[in-house]
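Coordinate inspection notes
Spelled out, the chains give:
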Amino acid sequence: MINLTINGKEQKVDVAGDTPLLWVIREHLQMTGTKFGCGAGLCGSCTVHINGEAVRSCQTAVSEAVGKKVTTIEGLDSKGQHPLQRAFVAEQVPQCGYCQSGQIMQAAALLAKNNDPSKAEIVEHMNGNLCRCMTYARIQRAILRAAADMRGV
Amino acid sequence: MNAITKTDKATDAGVSRRFFLVGSAAGTLVLGYAATSKLSEALAAGPGAFAPSAWVAINKDGKVEVTVGKADMGQHIASTMAQIVAEELESSWKDMTIAFASNDPKYNDPVLGAQITGGSWSTGMNFDAMSRAGAAGRITLIKAAAEMMGVPEAECQARESRVRHTKSNKAVTYAQIVASGKAAKVWTADELKAIKLKAPAQYRLIGQSVPQLDIPSKTNGTARYGIDTFLPGMLYGKLALPPVRYGAKVTGLDDAEAKKVPGFVQAVVLDDKTGTTSGWVVAVAKTYEGARKAADALKITYDKGPHAAVTDAAIVAEAKRLQAEGTAGFLFVKNGDSAGAIGTAAKVMEAEYLTSLNIHAPMEPMNATAREENGTWHIYTGNQFATRTTGIAAAVLGVEQAKIVMHQHYLGGGFGRRLESDMVIPALLAAKAVGKPVKVIYSREDDMRMDFTRPLTYQKVKVGLDGNGKPVALEHDVIGAWPTARWGIPEFLTPAVDKKGPHDSFTVNGADAWYTIPNHTVRNYKNEVAQNATPSGQLRSVAPAWTFWALESVMDEIAAATGQDPVEMRLALLDGSGANAGGDKPQTSGGAKRLANALRTAVGRSGYGAIKLGPNEGMGVAAVSSQERSSPTWTACVAHVAVDPGSGAVTVKRLTIAMDVGTAINPDGVKAQIEGSALWGASIALHEKATMKNGAIEQTNFDGYTPMRMADAPEIDISIISNGEAPVGCGEPAVTVVAPAIANAIFKAVGARVRSLPITAEAVKAAMKA
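Residues numbered from 1 in each chain as written. Chains lettered and ligands numbered in written order. Predicted model: local features only at pLDDT ≥ 70, side-chain atom pairs only at ≥ 80, totals over all residues. Heavy atoms only, no water.

1. Side note on the interface of chain B and chain A
What counts, and what does not: Any two residues whose heavy atoms approach within 4.5 Å at even a single point are treated as in contact. Note on definitions: buried area is the accessible-area loss of two parts on being combined, 1.4 Å probe, summed for both. Basic side-chain nitrogens of Lys or Arg form a salt bridge, by our definition, when they fall within 4 Å of a carboxyl oxygen of Asp or Glu. Here a polar contact is taken to be a pair of N or O atoms separated by no more than 3.5 Å, where protein atoms must pair a possible hydrogen donor with a possible acceptor and residues adjacent in sequence count only if both atoms sit in side chains. Only runs of H or I of at least four residues qualify as helices and only runs of E of at least two qualify as strands under DSSP, and these elements are numbered from the N terminus.
On the side of chain A, 49 residues touch chain B, which itself brings 62 residues to the contact. Note on chain B versus chain A: buried area summed over both sides is about 4,400 Å², and carbon and sulfur give 59% of it. Broken down residue by residue, the surface that chain B buries against chain A is led by M363, R709 and M710 of chain B, which jointly contribute 20%. In this assembly, chain B and chain A are joined by seven salt bridges. Residue E688 of chain B is joined to R132 of chain A by a salt bridge in which the shortest nitrogen-to-oxygen separation is 2.7 Å. Taken together, the connections running from chain B to chain A amount to 30 residue pairs in polar contact (both at pLDDT 80 or more). Where the side of chain B that touches chain A is concerned, the elements lending two or more residues are α7 (288-297), β20 (438-441), α12 (444-449) and α18 (667-686) of chain B.

Have a look at this one:
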């Protein structure tokens, strides 16, 4: 039995320690906001936070998350109103929407450390997250909007 | 062209003989098309089963739910349909909600007579039916409200989900009218047709960028995709695949090692009677990680079948052989005498154009969950072609189509990949074998290796020019696999111009372009080597993404060879004469001159010919009428590129796109579609290439197959031309215009002509030397 803390809640799961965290979150705990895209750390759809750092949950063994704080899109903000979530709505970013949880989680880790990123810093931080609908321009705008919101400007 | 052939028949059997019913059931006002005029009969089953089609339901708190028989894959089509309904219904946007239909035929597209989402057809084909549904609802609500208020109907007005009588300052809300149960009317088809719809000047919602109804759920993890399905007692399936794309057979299966995996249930060899899959095995286990381990542990032997030696080179060689032989083509266009005109032309030019295999790779890998209950099979997935998927599911199981229920979900990307039905087959057959619900999730490797790729195409173009460099003859041969022919649905094929038989015009659309060239021949060839070894699919924008690659490249080659400006030359050919005037059908009204306008717009916005460019930079243009001749969306692009003369590497600095969409229902939604499709076009032009070796797709994940990422995304300037003409699709056309514009810009920048997609730095470098 493995004990996890996800979005502030204790969870027990009966899985092997080498099971990717992604499958534990999605299929065992049925928290489906986190998405499976490639299983190889190449697309970023499965991005969650471990102790505030953006990680690819498909490349993270569940055992590595023990004793740490895991945050998924469902727990980013209790009301789904994180500045990035508001900005992604305001900029009408999502198309198919499938990669967007990962995009938002990836961006949230950036803004937590740097609430005034340059466009180049955004691109560098976000380049590992694929969007097949290619909403890249809107993602950039939404991150800039959320950053401004967080700075109170 | 196919769409219209089908339209006439489907319309006749569909909307024109149906009634439109408005009535109350269980406290909800339902509005929908029905085959019966008996309201009570239609309502008897309640709103959930309103027969045959509850497209719109207004519940007692005034919320309006629009049920859409379309696949929502990022184009926000459900929201667009709701916007069209709300315009005429005069309901408040905040009251609108959306739902997805099951595969029940009652939700079939009123024009197509099927449930299919593709071809950028949805908006154009459903606009009238959805508008009339909304208008009939409004008129019925006003009548009921007038009765309730005791005032003349003619003095009432509906607005923002309320009916008001201004003289007496009375008003009732839609919620109150629904609660009264007074709104009821059976509309005959003639009455419905007689409703005078709003003129564009009266629009309140159409033309406004109202927020898309699906977006909030896609920022908080609550949007449900097929992969998010959970059913009681559900098991997991993971594919174990043969080493070739198609044609393999399983000759032996040893599951001894798989049995050691905890939770392993069974390995199921798929007996697929539809031939959609070949040599597939599903490992079923209690957990997904268990299913993956078990699939890896299976020892399977195969007969690799007849296509195990096929390579890209073999497909190209066969295409060239077919073209040179020249007898197997189906005539798609035959105007004048192109051979004769080429024989007497002042100058003749020839060129070959290639496009590679491409993989759809939507971010949500293919998946489906299947469950049987009392003889009915339930499928949970996101699919663009519910009608066909229903047929395939029934054939795979050997049951009647009525025993198949498909529960539609959001699609984590479609792009044509989810027009296919393969993903339901392993889920159904595994669920049948183990007697429990099974969710099958393709790994990314499964998804790429078994993609129904965009076909590899080879095109040969020959032009005859008069003494002024004006093209007077054009011969265009298109050779590739025929995705639509593989579907086996005769209605989707088109008779050849010379009555040779049906062919797949979805592989040649666009070649019947709107330039005035008096002698024009287009032949369409099926490449059987490709057809069998690389079962191909419809990939976002389909043929126009290769036919315009050839056509818009050769236009530039003509201009360059004869010293003409590529813009002025195109404008002269887009004179709108004869058949290119556009006729009186709403979608083609205005004809080629609208494309000329779009081209002028893009050119003007880009600074083409006026602004100073840096060294090794160039601007190239392209103008297209994607998708089909009967449903053109007039689109032009100016690409501004910089080429590194040392390596040949291309940087796209800016894409300027102008698109005439007739009527932009939601301008920001149109813009989003153009942004995404333009970058898709750039990605296919520069970043995406799949290859076949030994009968297998060689790229298996996003390391080998590399769609554009944020760092490579150019700036895009978009002009939406919304001029009051009929609304047309906007989700695909920009894909088709970008690649030729980039190639033409590369030529302007460094004099290198590239004729093969994707454009690689090596190819540019080589062409610079040539």
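2. With respect to the packing of aromatic side chains
Quick note on the threshold: Centre distance within 6.5 Å is the pairing criterion for rings of Phe, Tyr and Trp, where only the six-membered ring of Trp is used; planes under 30 degrees apart are then read as stacked, over 60 as edge-to-face, and the remainder as tilted. Only protein chains enter the area calculation, which uses a 1.4 Å probe; residues under 20% of their type maximum are buried, those over 50% are exposed, and those in between are partly exposed. For a ring to carry a charge above it, either NZ of a lysine or CZ of an arginine must fall within 6 Å of the ring centroid while also lying within 35 degrees of the normal to the ring plane.
Here the structure, examined in full by the defined rule, presents 15 aromatic pairs over all chains. Taking 6.2 Å as the distance between ring centres and 45 degrees as the angle between the ring planes, the aromatic pair formed by F492 of chain B and F506 of chain B counts as tilted. On the criterion of sequence distance, the pair formed by F492 of chain B in the loop between α13 (483-487) and β23 (494-495) and F506 of chain B in the loop between β24 (502-503) and β25 (519-526) is long-range, its members being 14 residues apart. Taken as a pair, F492 of chain B and F506 of chain B share a single burial class, namely buried. Aromatic rings pair up to connect W23 and F36 of chain A together with Y236 and Y288 of chain B into one cluster. Cation over ring: K439 of chain B sits above F230 of chain B, and NZ or CZ is 4.2 Å from the ring centre. Above the ring of F747 of chain B, the side-chain terminus of R753 of chain B is found at 4.7 Å from the ring centroid.

3. Overview of the pattern of salt bridges
A complete count under the given rule lists 52 salt bridges over all chains for this structure. Notably, a salt bridge pairs D228 of chain B with R26 of chain A, separated by 3.0 Å at the nearest N-O pair. Residue D228 of chain B is found in the loop between α6 (189-194) and β10 (235-240), and its partner R26 of chain A is found in helix α1 (residues 21-28); the two belong to separate chains. The two residues D228 of chain B and R26 of chain A agree in class, both being buried. For the salt bridge of E191 of chain B with K185 of chain B, the shortest nitrogen-to-oxygen distance reads 3.6 Å. Connected via shared salt-bridge partners are R26, E27 and K35 of chain A together with D228 and K439 of chain B.

4. Let's talk about the nonpolar core
Residues and elements named next belong to chain B. Rules: Residue types Ala, Val, Leu, Ile, Met, Phe, Trp, Tyr and Cys, when buried and joined through side-chain atoms within 4.5 Å, form a set referred to as a nonpolar core.
Counting residues in hydrophobic clusters, the biggest one holds 206 residues, and the most contacted among them are V163, V641, I742, I746 and I759. Each residue touching I746, except ones within four places of it in the same chain, is listed here: V641, V643, V650, G751, A752, I759 and V764. Within the second largest apolar cluster, 34 residues are counted, among which are L235, M406, L429 and V438.

5. What to know about the domain arrangement of chain B
Residue and element names in this part refer to chain B. As a reminder, the rule being used: Where each domain begins and ends follows an automated or database-derived domain assignment. Charged residues are taken to be Asp, Glu, Lys and Arg, nonpolar residues to be Ala, Val, Leu, Ile, Met, Phe, Trp, Tyr, Cys and Pro, and polar residues to be all remaining types, Gly included.
Each assigned domain of chain B is listed with its residue range as follows: domain 1 (2-215), domain 2 (226-306 + 366-441) and domain 3 (314-357 + 454-769). Every contact between the two is made by 11 residues of domain 2 and, on the other side, 17 residues of domain 3. Carbon and sulfur atoms make up 61% of the surface buried where domain 2 meets domain 3, a total of about 1,000 Å² over both sides. Between domain 2 and domain 3 we count one salt bridge in total. For R486, the salt bridge goes to E420, with nearest N and O atoms at 2.7 Å. Linking domain 2 to domain 3 there are four residue pairs in polar contact (both at pLDDT 80 or more). Counted by class, the side of domain 2 that touches domain 3 contains six nonpolar, one polar and four charged residues.

6. Observations regarding the sheet that holds strand β2 (residues 9-13) of chain A
Residues and elements named next belong to chain A. Just so we agree on the cut-off: Here, strands pair whenever DSSP counts at least two bridges between them. In this analysis an axis means a line fitted to C-alpha atoms, helices contributing only their contacting stretch, and an angle means the value between N-to-C directions, from 0 to 180 degrees.
Strand order in this open sheet of five strands is β2-β1-β5-β3-β4, and the pairing throughout is mixed. On the outer flanks of this sheet lie β2 and β4 (53-56), each paired with one strand and no other. Across the sheet, the axes of successive neighbouring strands diverge by a mean angle of 40 degrees, strand direction being ignored. By the bridge criterion, five bridges tie strand β1 (residues 2-6) to β2 in an arrangement that is antiparallel. Residue T5 lies in a different strand from β2, and its bridge partner there is E10. Helix-sheet contacts for helix α3 (residues 100-113) involve β3 (47-50), β4 and β5 (69-71), and the interaxial angle to β3 is about 35 degrees.

7. Notes on the packing of helix α3 (residues 77-89) of chain B against helix α4 (residues 122-149) of chain B
Residue and element names in this part refer to chain B. The cut-off we apply is this: The labels follow the angle: roughly parallel below 35 degrees, roughly antiparallel above 145, roughly perpendicular from 65 to 115, and oblique for the rest. What makes a crossing left-handed is the near helix being turned counterclockwise from the far one by less than a right angle; a clockwise turn instead makes it right-handed.
Here α3 crosses α4 at 40 degrees, and the two axes come no closer than 7 Å. Taken together, the axes of α3 and α4 are oblique relative to one another. Where α3 crosses over α4, the handedness of that crossing is right-handed. On α4, the residues touching I77, T80, M81, I84, V85, E88 and L89 of α3 are S122, T123, N126, F127, M130, S131, G134, A135, G137, R138 and L141. Looking at side-chain class alone, the contact of α3 with α4 contains nine nonpolar, seven polar and two charged residues.

8. A short note on the layout of surface pockets
Residues and elements named next belong to chain B. What counts is decided by this rule: In this analysis a 1.4 Å probe is tested at points of a 1 Å grid over the protein atoms alone, and where it fits but cannot get out there is a cavity; an open set with protein on both sides within 12 Å along at least five of seven lines is a pocket; lining residues have an atom within 4 Å of a point. Grid points are joined across faces, edges and corners, and a volume is the space filled by probe spheres set on the points.
By volume, the second largest pocket is sized at about 410 Å³. If you trace the second largest pocket, you find 24 residues lining it, with V333, N335, D512, H520 and R629 closest to the centre. Broken down by secondary-structure element, the contributors of at least two residues to the lining of the second largest pocket are β15 (330-335) and β23. Of all the elements, β15 adds the most residues to the lining of the second largest pocket, at four residues. Residue composition of the lining of the second largest pocket, by class: 14 nonpolar, eight polar and two charged.

9. Digging into the pairing of strand β22 (residues 471-480) of chain B
Residues and elements named next belong to chain B. Most of β22 is tucked away: 10 of the 10 residues are buried. Two strands pair when backbone bridges link them, and strand β21 (residues 457-465) and β22 are joined in this way by eight bridges, in the antiparallel orientation. The residue bridging Q459 from the neighbouring strand is V478, located in β22. Hairpin geometry of β21 and β22 is characterised by an intervening segment of five residues between the two adjacent antiparallel strands and by a positive phi of about 80 degrees at G469. Where β22 meets β25, eight bridges bridge the pair, whose relative direction is parallel. Bridge pairing in β25 links A473 to N519.

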